[in-house]
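These are the residues of each chain, in order.
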Amino acid sequence: MTGAREDLLIAMPAEAGKILLKRGGIHLCALLKADYFAKFSTERGLRVSAERLLTLERLGLFSPLIRLRTPDLERPPLSLPLEDDEWFDRGWAIDTATGGNHWIPDQRNSDSEAYYSRFQIASLDFVLSEYDFTIQLEEFVHSPKFDVRAWSRIGRQFFKIYETRNRLDGTRLFRPTIDALCQYISDRYYPHTKTNMRTRSVSSGGFSFDEWTITNSRQWQWKDYARSWNPKETEETFGLTPAKLKHAYEALAGQQSQVDPLSSWYKLVQFVSPRERDRLKGLALAAETMRSGALMLRLLHKDLYGEELKHPNEVYGTIITHMPELNIRSDARRYLEFVVNQYDLNPRPKLTLFLEGQSEEVAVKAIFERYFGASVGTHAIEIIVLGGVDNATGTKDDRFRAILRLVDYLHHHQTFTFLILDNENSAAKLKAAARKAKSTLHAKRFVTRPEYLKVWRDSFEFDNFSATEIAAALRRLAGGNGRFSSADVAVCKRDRLPGAALTALYRARTGHDLNKLDLARELIECMFDSSSRRAIGNRPLIRVLERVVKLAALNPFPTMAESWEYNQTSSYLGKTRGRIKRPTGFRRSSSRNRR
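Residues numbered from 1 in each chain as written. Predicted model: local features only at pLDDT ≥ 70, side-chain atom pairs only at ≥ 80, totals over all residues. Heavy atoms only, no water.

A look at the pattern of salt bridges
Okay, step 1: Tallying each qualifying case throughout the model produces 36 salt bridges.
Okay, step 2: Ionic pairing is found between Asp-85 and Lys-18, a salt bridge with its closest N-O pair at 3.8 Å. Note that Asp-85 is positioned in the loop between strand E3 (78-80) and helix H4 (86-89) and Lys-18 in helix H1 (residues 16-23), a separation of 67 residues in sequence.
Okay, step 3: Note that Arg-521 is salt-bridged to Asp-518, the shortest N-O span being 2.9 Å. With Arg-521 and Asp-518 both in helix H24 (residues 516-528) and 3 residues apart, the pair spans about one turn of that helix.
Okay, step 4: The exposure class assigned to Arg-521 is partly exposed, which follows from its relative accessible area of 41%.
Okay, step 5: Judged by relative accessible area, which is 30%, Asp-518 ranks as partly exposed.
Okay, step 6: Connected via shared salt-bridge partners are Glu-15, Lys-18, Lys-22 and Asp-85. (Salt bridge = Lys/Arg side-chain N within 4 Å of Asp/Glu carboxyl O. Helix = DSSP H or I, 4+ residues; strand = E, 2+ residues; numbered from the N terminus. Buried < 20%, exposed > 50% of the residue type's maximum accessible area, 1.4 Å probe, protein only.)

Brief notes about empty space enclosed by the protein
Okay, step 1: Following the criterion strictly, the structure yields 5 cavities of 30 Å³ or more and no others.
Okay, step 2: In this structure, the largest cavity encloses a volume near 90 Å³. (1 Å grid on protein atoms, 1.4 Å probe; cavity = no way out; pocket = protein on both sides within 12 Å on 5 of 7 lines; lining within 4 Å. Points joined across faces, edges and corners; volume = space filled by probe spheres on them.)

Topic: the side chain of Arg-539
Okay, step 1: Turning to its location among the elements, Arg-539 is positioned in the loop between H24 and helix H25 (540-553).
Okay, step 2: The class for Arg-539 is buried, based on a relative accessible area of 0%.
Okay, step 3: For Arg-539, the side chain forms a polar contact with the main-chain oxygen of Asn-464, separated by 2.8 Å.
Okay, step 4: Apart from the residues lying within four places of it in its own chain, the contact partners of Arg-539 are Asn-464, Phe-465, Glu-469, Cys-526, Met-527, Ser-532 and Arg-534. (Polar contact = N/O pair within 3.5 Å; in protein donor to acceptor, adjacent residues only side chain to side chain. Contact = heavy atoms within 4.5 Å.)

A few points about the sheet that holds strand E5 (residues 112-116)
Okay, step 1: Overall, antiparallel pairing links the 4 strands, which are arranged E1-E5-E2-E4 in an open sheet. Both edges of this open sheet fall to strand E1 (32-33) and strand E4 (93-95), since each of them pairs with a single strand only.
Okay, step 2: Relative to E4, strand E2 (residues 66-69) runs antiparallel, the two being bridged by 3 bridges. Each residue of the ladder has a partner; that of Leu-68, found in E4, is Ala-93. (Pairing = 2+ DSSP bridges.)

Details of the sheet that holds strand E8 (residues 351-355)
Okay, step 1: With parallel pairing, 4 strands are arranged side by side in an open sheet as E9-E8-E10-E11. Two strands in the sheet have a free side with no partner beyond their single neighbour: strand E9 (381-385) and strand E11 (453-455). Averaged over all pairs of adjacent strands, the angle between their axes in this sheet comes to 15°, without regard to strand direction.
Okay, step 2: Sheet analysis places E8 next to strand E10 (residues 416-421), joined by 5 bridges and oriented parallel. Residue pairing across strands places Thr-352 opposite Thr-417, the latter belonging to E10.
Okay, step 3: With respect to the sheet, helix H19 (residues 427-436) is in contact with E10 and E11, its orientation differing from that of E11 by roughly 155°. (Axes fitted to C-alpha atoms, helices over the stretch in contact; angles between N-to-C directions.)

Thoughts on unusual backbone geometry
Okay, step 1: Note the cis peptide between Leu-80 and Pro-81, where omega equals 0°.
Okay, step 2: Relative to the helices and strands, Pro-81 resides in the loop between E3 and H4.
Okay, step 3: With omega at -10°, the peptide bond leading from Met-323 into Pro-324 counts as cis.
Okay, step 4: Backbone geometry places Asp-344, a non-glycine residue, at a positive phi of 55°.

Observations regarding the packing of H1 against helix H8 (residues 174-193)
Okay, step 1: Running from N to C, H1 and H8 point in directions that differ by 15°, and their axes come no closer than 9 Å. With respect to each other, H1 and H8 are oriented roughly parallel. H1 and H8 meet at a crossing whose hand is left-handed. Each of Ile-19, Leu-20 and Arg-23 in H1 lies in contact with H8, whose residues at this interface are Ala-180, Gln-183 and Tyr-184.
Okay, step 2: Per-class residue counts for the contact of H1 with H8 are 4 nonpolar, 1 polar and 1 charged. (Parallel < 35°, antiparallel > 145°, perpendicular 65-115°, else oblique. Left-handed = near helix turned anticlockwise from the far one by under 90°. Nonpolar A, V, L, I, M, F, W, Y, C, P; charged D, E, K, R; others polar.)

Quick notes on the state of the cysteines
Okay, step 1: Under the counting rule described, the total for this entry stands at 0 disulfides.
Okay, step 2: Note on Cys-182: no disulfide assigned, nearest cysteine sulfur contributed by Cys-29 at a separation of 9.8 Å.
Okay, step 3: Free cysteine Cys-492: the closest other cysteine sulfur is in Cys-526, separated by 16 Å.
Okay, step 4: Assessed through its relative accessible area of 6%, Cys-492 is described here as buried. (Disulfide = S-S within 2.5 Å.)

As for the packing of aromatic side chains
Okay, step 1: Considering all chains together, one arrives at 18 aromatic pairs under this definition.
Okay, step 2: Here the aromatic rings of Trp-265 and Tyr-343 are separated by 6.4 Å at their centres, their planes lie at 75°, and the arrangement is edge-to-face. Placement of the pair is Trp-265 in the loop between helix H11 (242-259) and helix H12 (266-269) and Tyr-343 in the loop between helix H15 (332-342) and E8, with a sequence separation of 78 residues.
Okay, step 3: Judged by its relative accessible area of 49%, Trp-265 is partly exposed.
Okay, step 4: Judged by its relative accessible area of 21%, Tyr-343 is partly exposed.
Okay, step 5: Ring centres of Phe-418 and Tyr-452 lie 6.4 Å apart, and the angle between their planes is 40°; on these two criteria the pair is classed as tilted. (Phe/Tyr/Trp six-rings, centres within 6.5 Å; stacked < 30°, edge-to-face > 60°.)

Pasting the structure below:
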């Protein structure tokens, strides 16, 4: 932070380590011993060992928050939260948070132990970025002999860099203070960072210990602690002002964004389960820890000053258009919906195809696999079997209302609907009712478009297959136990209920009930038979399904509320009711977003 204005830098409180042990960050984010912190850091792509941490401490580059020494008399482990100053008064506990002159062992041994905060991963990353260098060894081995002088020369250059960077100035404690502040407020805000934006889990109570410390959290409850939390006390302890806290937040937010290889996907990642995010590796996991710290600072700033700062990944850079809009983000469910739409991950069907019965379902699924080359799911289409026309048209007291309300709901969520029904009972009346059904979810349009409801002239079988094909399919099903001709089938077709007549004919000739699913399979085989005289593309069902596939393909889900609203007031989902007045300055979104 060289060159930063001094009045913007938060400063480390005197005896910060002692303050942390007494009043902040003990229960949810326990301090880590040197070997644990080294492992924690290595998992996050920062290759350090406990020995290297000691070296960095001796050089004054990176220090733990506290260091404990073996007491010179029989004493139980240090009890946390700290209740008195005995360990510090006797020199058994050393406050090392400021990194100033303090006792440091010559080498690692069992007589002392250093304790770090997980949030110091940010400062450690900053230090290592200044002191880790990459060397191209080929520069020294291109000749038959190893070039010792070149190796010595590069070493001297590195030492000069070290001398320059190790000159201490007034900003050297800025980043360590951010770490300490994050640790201090972690008991209050950390659960808000371990969330999928919809739920969070909090660990309260418990008892933990090692050979040096005992932390008693059995009587500690996060909810009680959060209710009694006073952010002003933190403000006084760290000497915060709105400008200082914002500057600290932006420094940490900018660092995590720069480190994170998944930074461009932050809107999606934030909705992932914390348990799964903890399985990230390397710098992605390091950024996850840094982001937790930044989010806590953001929450503290809002509690203290009533201002919600920008999201950690939106602090730097210019965002011309927020996707989705900022006012949408308070609704986590809708925010998530627009985000998954942006990444094309929304599993919701882009079109729901209502079919009358299971036999139609069998036929349609087979056609998708064999004619369109992929399953209905691959085409983002969902099939719903109504189980009969009556289930679509409703009862006398509730004529058409249920199915049209369902269609209205699906169109409200931008899922096209398409109904295919036999011409039985009230199917024709349903289609007529759909022409004038007004949406109850959007006042500017009708529920649907008439062409999104297909009623066969007779039935699925008779409209799409010839009498000869149906007769041949019946003969194969009967297996020689009944004789069927095209003339027999033609008589059934002229009946008021052709489907029922065909079933009755089969029962009369064979003594068995007609299995409509098997009949559908046989008819599809006729359709794809190379000897069929009728081109597949000329069959009405194929033409209907081609339209269904096209509707689904041309329905990318919206990524902004503006695009969703445009779609609702357009004529894509249903006929518009009157002239739609666009807002002044309204610009159409791209076709990708608009639909």
